[in-house]
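This is what each chain is made of:
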Amino acid sequence: MLTMVIDDSRAMRMILKRIVAQLGFDVVEAGNGQEAMDYLKANVLDGDGEIPGLALVDWNMPEMNGLEFVTAVRAEPRLRGMTLMMVTTESEQSQIVRALASGAHEYVIKPFTPDAIIDKLALLGLVPNGVAA
């Protein structure tokens, strides 16, 4: 499954990429929501590329933050099947509710363990239960 890792931290993108790549996912990286939308527009909406099945999205990024990205994806009919998981330091209950109400499927608070990501992916039905990091 093609997965987008969207985070302005190169180190965080590398960590998340390593976790999902070990699970067999193909990964495309973006440094912010706008880069991710540009990729989707060029490769999916204006092209015939594969629609990512999953996006791991940071909240706090320049140009287009994660919540704006989630909202933009949910507004595009061809992208509505993407599973969106916020992976962020935003830990206030109101922020979690906002993200989920905007269309995110799951929410992981940084710092996290690889098992926390894998558990959420299992909850979403994207990896079998009992898979270990």
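Look up a bit, the structure's there.
Residues numbered from 1 in each chain as written. Predicted model: local features only at pLDDT ≥ 70, side-chain atom pairs only at ≥ 80, totals over all residues. Heavy atoms only, no water.

A short note on the overall build of the protein
When helices and strands are counted, the protein shows five helices and five strands. Ordered by position from the N terminus, the helices and strands of the protein form the series β-α-β-α-β-α-β-α-β-α. Taken against the 2.2 N^0.38 rule, which gives 14 Å for 133 residues, the C-alpha radius of gyration of the protein at 14 Å falls within 12% of a compact globule. Counting over 133 residues, the protein shows a buried share of 46%. For the protein, restricting intrachain contacts to residue pairs at least 6 apart in sequence, the fraction spanning at least 24 positions comes to 61%. Element-wise, carbon and sulfur atoms account for 50% of the exposed surface of the protein, whose accessible area totals about 6,500 Å². On the protein, the mean spot of the 11 positive side-chain charges and the mean spot of the 18 negative ones are 1 Å from each other. (Helix = DSSP H or I, 4+ residues; strand = E, 2+ residues; numbered from the N terminus. Rg over C-alpha atoms; globule rule 2.2 N^0.38 Å. Buried < 20%, exposed > 50% of the residue type's maximum accessible area, 1.4 Å probe, protein only. Contact = heavy atoms within 4.5 Å. Areas by Shrake-Rupley, 256 points an atom, 1.4 Å probe, with all protein chains shown as cover. Lys, Arg positive; Asp, Glu negative; His and termini not counted. Charge placed at Lys NZ, Arg CZ, Asp CG, Glu CD.)

Some points on the environment of alanine 36
Looking at where alanine 36 falls in the secondary structure, it is placed in helix H2 (residues 33-45). Residues in contact with alanine 36, not counting those within four places in the same chain, are Met4, Ile6, Ala30 and Phe69.

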